[in-house]
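# Structural overview
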There are 4 protein chains.
Amino acid sequence: MSRTTAAVVGASGFTGGELLRLLAGHPEFEVVQATSRKYTRKTVGYAHPNLRELDLRFTDPEDLESVDVLFAATPHGVSMQHVDAFRDAADTVVDLSADFRLPSADLYDEWYDGHERPELLAEATYALPELNREELPGADLIAAGGCNATATVLGLLPLVDAGVIDGAVRSTAKQSSGEGSDPRDGDQRIVVDVKVGSSEGGAGGGEASSHAERSGVVRPYAPTGHRHEAEIEAYLGTRVAFTVHAVDMVRGASATCHVFPDDPVTKGDLWGAYREAYEDEPFVRTVAGGGGVYRYPEPKAVAGTNVAEVGFELDPRNGRVVVFSAIDNMMKGSAGQAVHAANVALGFEETAGLEFAGLHPVGAP
Amino acid sequence: MSRTTAAVVGASGFTGGELLRLLAGHPEFEVVQATSRKYTRKTVGYAHPNLRELDLRFTDPEDLESVDVLFAATPHGVSMQHVDAFRDAADTVVDLSADFRLPSADLYDEWYDGHERPELLAEATYALPELNREELPGADLIAAGGCNATATVLGLLPLVDAGVIDGAVRSTAKQSSGEGSDPRDGDQRIVVDVKVGSSEGGAGGGEASSHAERSGVVRPYAPTGHRHEAEIEAYLGTRVAFTVHAVDMVRGASATCHVFPDDPVTKGDLWGAYREAYEDEPFVRTVAGGGGVYRYPEPKAVAGTNVAEVGFELDPRNGRVVVFSAIDNMMKGSAGQAVHAANVALGFEETAGLEFAGLHPVGAP
Amino acid sequence: MSRTTAAVVGASGFTGGELLRLLAGHPEFEVVQATSRKYTRKTVGYAHPNLRELDLRFTDPEDLESVDVLFAATPHGVSMQHVDAFRDAADTVVDLSADFRLPSADLYDEWYDGHERPELLAEATYALPELNREELPGADLIAAGGCNATATVLGLLPLVDAGVIDGAVRSTAKQSSGEGSDPRDGDQRIVVDVKVGSSEGGAGGGEASSHAERSGVVRPYAPTGHRHEAEIEAYLGTRVAFTVHAVDMVRGASATCHVFPDDPVTKGDLWGAYREAYEDEPFVRTVAGGGGVYRYPEPKAVAGTNVAEVGFELDPRNGRVVVFSAIDNMMKGSAGQAVHAANVALGFEETAGLEFAGLHPVGAP
Amino acid sequence: MSRTTAAVVGASGFTGGELLRLLAGHPEFEVVQATSRKYTRKTVGYAHPNLRELDLRFTDPEDLESVDVLFAATPHGVSMQHVDAFRDAADTVVDLSADFRLPSADLYDEWYDGHERPELLAEATYALPELNREELPGADLIAAGGCNATATVLGLLPLVDAGVIDGAVRSTAKQSSGEGSDPRDGDQRIVVDVKVGSSEGGAGGGEASSHAERSGVVRPYAPTGHRHEAEIEAYLGTRVAFTVHAVDMVRGASATCHVFPDDPVTKGDLWGAYREAYEDEPFVRTVAGGGGVYRYPEPKAVAGTNVAEVGFELDPRNGRVVVFSAIDNMMKGSAGQAVHAANVALGFEETAGLEFAGLHPVGAP
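Residue numbers run consecutively from 1 along every chain, following the written order of its sequence. Going through the entries in the order they are written, you letter the chains from A and number the ligands from 1. The predicted origin of the model limits local features to residues at a pLDDT of at least 70 and limits the giving and counting of side-chain atom pairs to 80 or more, whereas totals for whole chains, interfaces and linings rest on all residues. Each side-chain value is worked out from all heavy atoms of the structure, with water and hydrogens disregarded.

In plain terms, the rule: UniProt positions are given in the numbering used here, feature names are shortened, and annotations may be inferred rather than shown by experiment.
Chain A is annotated in an unreviewed UniProt entry as Putative [LysW]-L-2-aminoadipate/[LysW]-L-glutamate phosphate reductase from Halomarina halobia. Quoted verbatim from the Subcellular location (unreviewed entry) field of the UniProt record, the comment on chain A reads "Cytoplasm". Check the Sequence similarities (unreviewed entry) section of the UniProt entry for chain A; it says "Belongs to the NAGSA dehydrogenase family. Type 1 subfamily. LysY sub-subfamily."

### Things to note about helix 6 (residues 147-161) of chain B
All names here are of chain B. Defined as follows: Helix and strand definitions here come from DSSP, where helices need a minimum of 4 consecutive H or I residues and strands a minimum of 2 consecutive E residues; each element is numbered from the N-terminal end. A helix is expected to span 1.5 Å multiplied by its residue count minus one. Bend at a given residue is defined as the angle between two axes, one fitted to the seven residues that end at that position and one fitted to the seven that begin there. Burial classes: relative accessible area under 20% of the type maximum marks a residue as buried, over 50% as exposed, and values in between as partly exposed (1.4 Å probe, protein chains only).
The terminal C-alpha atoms of helix 6 lie 21 Å apart, and with 15 residues this matches the ideal 21 Å at 1.5 Å per residue to within 8%. Taken as a whole, helix 6 carries its principal kink of about 35° at Gly 155; the proline Pro 158 stands between one and four residues after it. In terms of burial, helix 6 is largely enclosed, as 14 of its 15 residues are buried.

### Things to note about the interface of chain D and chain C
So the rule is basically this: Residues count as neighbours in contact if any of their non-hydrogen atoms are within 4.5 Å of one another. Here the quantity called buried area is the total loss of accessible area, with a 1.4 Å probe, experienced by two parts when brought into contact, counted for both. Salt bridges are identified by distance alone: a Lys or Arg side-chain nitrogen within 4 Å of an Asp or Glu carboxyl oxygen.
Opposite the 56 residues of chain D that make contact, chain C presents 56 residues. Note on chain D versus chain C: buried area summed over both sides is about 4400 Å², and carbon and sulfur give 55% of it. On the chain D side of the contact with chain C, Val218(D), Val293(D) and Arg317(D) bury the most area, a combined 16% of that side's loss. Inspection of the region where chain D meets chain C yields 8 salt bridges.

### A word on the state of the cysteines
Going by this rule: Note that a disulfide, as used here, is simply two cysteine sulfur atoms within 2.5 Å.
By the definition in use, this model includes 0 disulfides over all chains. Here Cys147(A) is not cross-linked by a disulfide; its sulfur's nearest cysteine counterpart is in Cys257(A), at 14 Å.

### Let's talk about the pattern of salt bridges
Tallied over the full model, the rule gives 96 salt bridges over all chains. The closest approach of N and O atoms between Arg320(C) and Asp315(C), which form a salt bridge, is 2.9 Å. In terms of burial, Arg320(C) and Asp315(C) fall into one category: buried. With its nearest N and O atoms 3.2 Å apart, the salt bridge here joins Glu62(D) to Arg37(D).

### Focus: the sheet that holds strand 6 (residues 125-126) of chain D
Residues and elements named next belong to chain D. What counts here: What makes two strands pair is DSSP finding at least two bridges between them.
Pairing is parallel in the open sheet, where 7 strands are placed in the order 3-2-1-4-5-7-6. On the outer flanks of this sheet lie strand 3 (58-59) and strand 6, each paired with one strand and no other. Sheet topology places strand 1 (residues 4-9) next to strand 2 (residues 29-35); 5 bridges connect them, and they run parallel. Residue Ala 6 lies in a different strand from strand 2, and its bridge partner there is Val 31.

This is how it looks when you write it as structure tokens:
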């Protein structure tokens, strides 16, 4: 049986390498092209030491081959320029940048600089199956979510669906543009405090991401105004006050969401909400208390995997629900999410190529 | 000129060692005793490799010598049992545990188990000069604040004093017990999200604090109900919803406070508030934006020092002020604060023995 | 088709958990028992957060079930006591402790305390397929090598086979006891300087392995006299002067071997020797120079995998060959090696269950 | 009393910042100039967050002021170009680069590219007081040693002086050029295996030193042919086979030296040799066995200090002495050594400005 052919554009970067790793171990895909302007003609192992066994060389991104699926792991702004070439080369395009994540051009313009192909924003499908699985089959332009947004959306989604967050309504990409109430109208003040690893910055890095400067940090790198705020609000239908800190790990994003419901909730309510949302999800597990060392979601527990851990604790004294969410930003927050979405879009087994269980113990993930 | 004699009780622990380091380099103090039940008769260098040059051996805590100042670095609950012996041995007792921090027995009982000497809670003086410098001269029972509380109080104090936090009134230890409005009555919902290093757990450590399990973590270790919440509320006069995460550093506590003022504030207002509060403080510096790699408070920038960095950013979209505060939990959050308070209490130069500027670069502090 | 049943004894420790992870993902094995005295009746996810999805509970080690293969991941000295029970329960026993690694009782007594079942030392089969693949098929008592020994043996084996190390002759376990020349007679002075991660110490850990004390270390923890010296000499037939340092990673062992050949060698000779030794080996890759960031073997490049990276550099000025070898101590240095050996012993595909390619980038492995 | 004026050229780099920190806290020096081409007119706190309190701005290196002492912390090759300007501006020049370390132009040419001012090599004085204290008073061109060389020289010097290393004779800079026996003639094969932190690479950093790639590494970054080999051999008079690994710390260099003496030595001999060499040295302490967690030299124990820890262990089985040496590469290996040498040269108290005792616990130093 012939396999589905895949290309990775921007394959020498971190998420590009992660895609290559996943696709190379995927039972349905055959990687036929990996492009890199910088490393053209070098083996993929040159950039990614874990892939030294892979018999594949980087090619020039100008020479795209015809494939079934093209994954674009290019910097923000690149895909929107080359999207026609991508779609000419492939039946299905999965983009991992921010270019097609937001539901509307207006929202995009508010948070980024002008979009070159605004009409495609409504056409693209958001890649988070836990949010919009039913929209993915047959989708031909798929946009993987941002890592911090993904962690936050997965953490809060059960509370949105259960009505714990007053006025919030989950929304899938293309329905949310322009209709319904503005999430900013509510007086909900959900604080989201995110901690992320250095791989979020991508390969390359400057002075601030040098080992000497970044090692051991707790650094407020996006105190306010992080663009993922837009993405979260668009899909959760509720306002979030978002702050991101860099901490000393390489992989991982951990979102702690502080929610103050209007009406009291019990732990039983919370367990019910998370069970309802995720009991059939192959890549989300709820971890809330219990014993042992790992009692709440932790990036270490999911490093290298496509799993999101979500959990919560109740703070009756302050009328607060604290929600924790932990993912591997390179996996559930990027390449893993993209492959998961492609699996759904193409009708493959959802978990195909994404079965890795993670490691214990492991250092900084 | 004869120097002031000092004893450190509980000197083999982390904060005990830090006290020894500071006192050994202090121009006014002479350390005449360092007790450790576990390491009696061993040199202090046995427990603290940085103090190998120090000609001092641990002695049994039962045999206290007469000194001018006794610093107690014992686990919570020990000082309240031995406080009479401490006061017999020394004119001034500085306690670094939680035993005498809270202003009233009622509050203590609510957060801890029953106090053995509740009448002393009102007698003890809180050790944070930035909060209550005027109460320290001549104080003979001084209680150093908790590390997470200290970071939070220093971050928020300027906003309290400037009236940005509605209804909050700074309070010093002994005035706050039982009078005034209950901070919990307000509808302020200040979220405080703290990240701490492994030295907070003290020497010894079990499975959860082993290197293999704790390395690289972002671990919610006190999701709700942390006891420092009581301390913060008592001295700031405002409710806080507090959550603590363990991250991969050894020294350091970083508090990020999310404040939603009732009335709009400007950056100029904030700069004014912090300048007003701290421009004459020798151990607090305000870092808010600007350029370079270190644009906001970071534990790395103050590791080993008694400095607190505080800073802020404005989030007009969400009506939020984000306040950052970073300290070395062993220094400003414990031993350094204790020595600073002792300096004030005894009329020494405030910065005596606390001049170390910190290192750059430095790894996990 | 029925699968091969497997039990893991000592399953709550680090290597026990790694075995569970590998066997749960193995196409041929079905794990029917995981014992833990400490965690009897708890789910395996309690001890190993990456295995939370696994529907398996720890059972009492006294109640062994009948299985095809029993893997023992118990502390040194336990297997020799229970080996009869293990062999009653299972057709094949794979032991991961030091109990059956050495070829003779005399050698064992020299390095450890007296063996309880010395006659089994000659009966057991060493588990390193690259050394003695031909002895493994049908073996029913298999001893996985020590992690540091494995790294060193794999690094030096090509030089032994190529005659670069004067007088050294590779030896498999049961031929080496008592016959041939004593490796200590030669005047070769191979220095082996090993760097290891904290998982080598196992779960639990005391003060020295606490995060605060072990974070960021370069600590000589076995300056001389490490027991793996015996194992290396037994199987390589040459003396090594061995020193082990603890460094800041969780997984990983990196051996740097400094060899001074009697006769000059060229880089071509070295490439030939390593190609000859390993070109058909599925789990060894030679990395020696070339470009990019990862130019020599590194633990990071093999974290989580069963791959050993080996490489070398020539130092003509000093007449020295420097050999580098990097493994994941939990995998190629323990659980992965055990499963690999079991695959060979039972006639399975050698790479079955061991295909994970590793991650890039990754933090402290 | 007027203080000695000092300038730091290249003050925005890591060692430049360390010099500023030391000189700012030095009782004899007054820093009047800190140059940086890149950050001209910015405050020194912009580059060095620990120096935010310092009221000093970077100036253009073209405009040197007249000072008593000029410290040059510029990249290799810069000082030799500007040395006349430096000497015009200052009575004493202390250079921290490699430009004036080696004793002869021939040796320099062998290891570096041609020297522009070869005649100055014999004129400059090596800055390691433990090696050549008597040459420093009055020296006006002083060359601080390389960090890895310093660690190695301090570790092995007692063995050289005690005759344990056959044929080796300690040599001070200017006597060693061209005379005496070639250290390479001996058959001593001292293996030196060094582990270093990321600050050795200096500020800036490329892909290999990014946090994501460098975190958690054990990376052979100078397998053979490291230039410090020349420096060690020149001053110890014995050949060393040198290999350097990058490990996960920021500050620190740890040298493990494997020595095989021709004649047997005892532990008593070794203790005698180290006591003889260092008992009066203010910045060297011998740590060899004993109890506690820190039983041998460790970079963590000296982070931020000018102390070198040296120690040893005997390996009778292999006829080997293992020597350990640990320093902070920024301090004893660079800026601290430079200030120490300046103290000796100018007749100040040797320990002036260098009293910091270090921290315990501390993370990656």
